[in-house]
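What the coordinates show
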Amino acid sequence: MVKQTSLKHKLIVSPFLGEHWILRAGDARGVKIRPHRYLELQQATAQEETGLPDWLTGLARRLWEIDLTGRPAQETLLVREQSQLSYGRASYELNMGCNWDCPHCYLGLKEFTGLPWPKRQHLLHILRDAGVLWLQITGGEPTIDPHFAAVYSLAYDLGMMIEVLTNGSRLHNKIILGLLTERRPYKITLSVYGATQETYEKTTQRKGAWKSFRDGVDAAHRADLPLEFSIIVTRDNEHEVDAMHALAKSYGAKIREYNNMTPTYFGTASPLSTQSQTRQRERQVFTGCDAGHTSLHVDPHGKASVCKVARDHPIPLLEEGLDGLTKLGGIADKALLRQGGCTGCTLSSQCSTCMPLAQRYRQASAPLGAYCQHGKPERG
Ligand code: SF4
Ligand code: SF4
């Protein structure tokens, strides 16, 4: 039986990119509120005996079907402070290590390195103070990191809405399942690499991977955790795409399909050799991106960057803190400016590859057709 969220707070009240929102941990649905409502709730939590206003108990009943009547505001709400920065979203790569060895992985070497716990605590407080409300916990495989449970719990208790990116292999572990059912994420995104044992283990290069995956997904499904399947299509599993969709549907999960392999984040070509030639898709035209301004990425060493791809000029968050982050917007603007081989490109308005990604393809000496309009057949 699923245990409902009932720990330190039931609702999060938070500024988010110039707005104010009420959210329920473990549920992606939220409500935008006016600034005076935010102040009203902030004041309500400042005094011990104050209850919740009627408009909020009514809202909670309608939207989340929970009854908060008679509950003290202090125990029910976690009101986040306004940040001097405006980073509403972040991804945190706990560790680049993984228990599987997929050749298509953009991390390449998959090193097992990460910060000790006290530094991670400090890092999470910096992210909270930077305004991060939506946190993606990723890896490598985050659930094999020794500090996964502690990081997850603290991020949750600081009032962050959490998504976990995982291969699913440890979701049936009692401690992890207990953690995720007690402090529910709003989303668990599961990578799917095949629909049969043979294909799955060929793609992940690990014997036993299929059983771990199925055990993990079954346990998460029984616990009614919010699953989304990311179907990763490579040359090794392209013949099972329909079966992978059917598998995801059998769990009632949302589905996304990824067909285009990219070089590693440090610009080596190895993942490109796993590209499915029949399933490669034309990307949408790149029209801009706000990474580095409203979102950021943090690597296992606590270095902040624009995103998972654009990692040049990283900011050591533990040393520089919020002051260091004020530089990230400028770093993003420079990173996204067309430069190098893209300088003055006459086709840039039709280009589907952002500048940081184009740089990785160039470093990897990828064929132009993989990322550049000048390599498309009709361009010559
Ligand atoms: S890869 Fe490119 S489009 Fe994606 S977040 Fe980074 S800069 Fe933006
Ligand atoms: S079309 Fe090619 S050269 Fe032009 S901006 Fe895109 S990647 Fe760069």
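Every residue gets a number counted from 1 within its own chain, in the order that chain's sequence is written. As a convention, the first chain written is A and the first ligand written is 1, with the rest following in written order. Given that this is a predicted model, residues contribute local features only at a pLDDT of at least 70 and side-chain atom pairs are listed and counted only at 80 or more, while totals for whole chains, interfaces and linings are drawn from all residues. By convention in this description, side-chain values take in all heavy atoms of the structure and omit both hydrogens and water.

In this text, helices come from DSSP runs of H or I with a minimum length of four residues, and strands from runs of E with a minimum of two, each type numbered from the N-terminal end. The helix and strand inventory of the protein stands at 12 helices and 13 strands. In this description the radius of gyration comes from C-alpha coordinates, and the expected globular size is given by 2.2 Å times residues to the power 0.38. Taking 2.2 N^0.38 as the reference for a compact globule, 380 residues should give roughly 21 Å; the C-alpha atoms of the protein span a radius of gyration of 22 Å, in line with that estimate. Oriented by its inertia axes, the alpha-carbon framework of the protein measures out at about 70 × 45 × 40 Å. Residue burial in the protein is summarised as follows: out of 380 residues, 54% are buried. Buried means the residue's accessible area, taken with a 1.4 Å probe over protein chains only, is under 20% of the maximum for its type, while exposed means over 50%, and partly exposed covers the values in between.

Taken together, Phe 286, Cys 289, Ala 291, Cys 307, Val 309, Leu 336, Cys 354 and Pro 356 are the residues near ligand 1. Class assignment for the residues of the shell around ligand 1 results in eight nonpolar, no polar and no charged. One heavy atom within 4 Å of a molecule or strand makes the whole residue count as near it. Residue polarity follows a fixed list, in which Ala, Val, Leu, Ile, Met, Phe, Trp, Tyr, Cys and Pro are nonpolar, Asp, Glu, Lys and Arg are charged, and the others, Gly among them, are polar.

All right, on to the sheet that holds strand β7 (residues 161-166) then. One open sheet accounts for nine strands, arranged β10-β9-β8-β7-β6-β5-β11-β12-β13; its pairing is mixed. Looking at the sheet topology across the chains shown, the edges are occupied by β10 (254-258) and β13 (315-316). Here, strands pair whenever DSSP counts at least two bridges between them. Alignment of strand β11 (residues 295-298) against strand β12 (residues 303-305), held across two bridges, turns out to be antiparallel. Counterpart to Val 298 in the pairing with β12 is Ala 304. Relative to the sheet, helix α5 (residues 148-157) contacts β5 (89-93), β6 (134-138) and β7, its axis offset from that of β7 by approximately 155 degrees. Contacts are residue-level and defined by heavy atoms, with any inter-residue pair within 4.5 Å sufficient. In this analysis, axes come from line fits to C-alpha atoms, helices being fitted only over the stretch in contact, and the angle between any two N-to-C directions falls in the range 0 to 180 degrees. Sitting on the sheet, helix α9 (residues 241-250) touches β8 (187-192), β9 (227-232) and β10, and the angle it makes with β10 is about 155 degrees.

What follows is about the pairing of β10. The two faces of the sheet receive side chains in turn, since in a regular strand these alternate between them. One ladder, built from five bridges, connects β9 with β10; its direction is parallel. From the neighbouring strand, Glu 228 faces β10, where its bridge partner is Lys 254. Traced from β9 through α9 to β10, the parallel crossover comes out right-handed. Whether a crossover is right-handed depends on one test, that the path from the first strand over the helix to the second runs clockwise when the strands point away from the viewer.

Turning to the site of ligand 2, a few remarks are in order. With respect to spatial proximity, the complete set of residues near ligand 2 consists of Arg 338, Gly 341, Cys 342, Cys 345, Ser 348, Cys 351, Arg 362, Cys 372, Gln 373 and His 374. Here the residues of the shell around ligand 2 are counted per class, giving four nonpolar, four polar and two charged.

For the rest of this paragraph, the subject is the nonpolar core. In globular proteins that are soluble, nonpolar side chains generally tend to be buried together. With 80 residues, the main nonpolar core has Leu 135, Phe 213, Phe 229, Leu 296 and Leu 325 as its most contacted residues. When residues of this core are assigned to domains, at least three fall in each of domain 1 (11-79) and domain 2 (89-330). Filtering out sequence-adjacent residues up to four positions away, Phe 229 remains in contact with Leu 190, Val 192, Phe 213, Val 217, Ala 248, Tyr 251, Ala 253, Lys 254, Ile 255 and Arg 256. To define a nonpolar core, start from buried Ala, Val, Leu, Ile, Met, Phe, Trp, Tyr and Cys residues and group those joined through side-chain atoms within 4.5 Å. Here the limits of each domain have been adopted from an automatic or database domain assignment.

Each domain of the protein was delimited in the assignment, giving domain 1 (11-79), domain 2 (89-330) and domain 3 (339-379). When each unit is reduced to the centre of its C-alpha atoms, the spacing between domain 2 and domain 3 is 26 Å. The partner domain 3 presents 16 residues to the 19 residues of domain 2 that form the contact. Buried area: the accessible area, evaluated with a 1.4 Å probe, that two parts lose upon being put together, summed over both parts. Counting the surface lost from both domain 2 and domain 3, the interface buries some 1300 Å², and carbon and sulfur atoms represent 57% of this. The largest share of the area that domain 2 buries against domain 3 comes from Arg 283, Phe 286 and Val 309, three residues that together contribute 34% of it. Note on definitions: salt bridges are taken to be side-chain nitrogens of Lys or Arg within 4 Å of carboxyl oxygens of Asp or Glu. Where domain 2 packs against domain 3, one counts two salt bridges.

On the secondary structure map, His 104 appears in the loop between β5 and α4 (117-129). His 104 sits in the buried class, given a relative accessible area of 10%. Beyond its immediate sequence surroundings of up to four residues, His 104 is in contact with Tyr 193, Thr 203, Ile 232, Thr 234, Met 261, Pro 271 and Thr 274.

For the rest of this paragraph, the subject is the packing of aromatic side chains. Describing an aromatic ring pair means giving the distance of the ring centres and the angle of the ring planes. Only centres within 6.5 Å qualify two rings of Phe, Tyr or Trp (six-membered ring in Trp) as a pair; their planes then separate them into stacked at under 30 degrees, edge-to-face at over 60, and tilted for everything else. Considering all chains together, one arrives at 11 aromatic pairs under this definition. Relative to Phe 213, the ring of Trp 210 has its centre 6.0 Å away and its plane inclined at 40 degrees; by these criteria the two rings are tilted. Note that Trp 210 and Phe 213 are positioned in helix α8 (residues 209-222) at a spacing of three residues, about one turn of the helix. With a relative accessible area of 13%, Trp 210 lands in the buried category. By relative accessible area, Phe 213 is classed as buried at 0%. An aromatic cluster of at least three residues, connected via ring pairs, comprises Trp 100, Tyr 193, Tyr 200, Trp 210 and Phe 213. Geometrically, a lysine NZ or arginine CZ counts as sitting over a ring once it is within 6 Å of the ring centre and also within 35 degrees of the ring normal. One cation-aromatic arrangement involves Arg 311 over Tyr 265; the distance from NZ or CZ to the ring centre is 4.1 Å.

For the pair helix α7 (residues 197-204) and α8, interaxial distance at closest approach is 8 Å and the crossing angle is 105 degrees. Taken together, the axis directions place α7 and α8 in an arrangement best described as roughly perpendicular. Counting all contacts with α7, which are made through Gln 197, Tyr 200, Glu 201 and Thr 204, the residues of α8 involved are Ala 209, Trp 210 and Phe 213. Roughly parallel means an angle under 35 degrees; roughly antiparallel means over 145; roughly perpendicular covers 65 to 115; every other angle is labelled oblique.

Time to look at the environment of Trp 210. Here the alpha-carbon distance between Trp 210 and Ala 150, two residues 60 residues apart in the chain, equals 27 Å. Apart from the residues lying within four places of it in its own chain, the contact partners of Trp 210 are Gly 194, Ala 195, Thr 196, Gln 197, Tyr 200, Glu 201 and Leu 247.

A cis geometry characterises the amide bond from Gly 139 onward to Gly 140, with omega recorded as 25 degrees. Among the secondary structure elements, Gly 140 is positioned in the loop between β6 and α5. For Gln 205, which is not glycine, the phi dihedral falls at a positive 55 degrees. One can find Gln 205 in the loop between α7 and α8.

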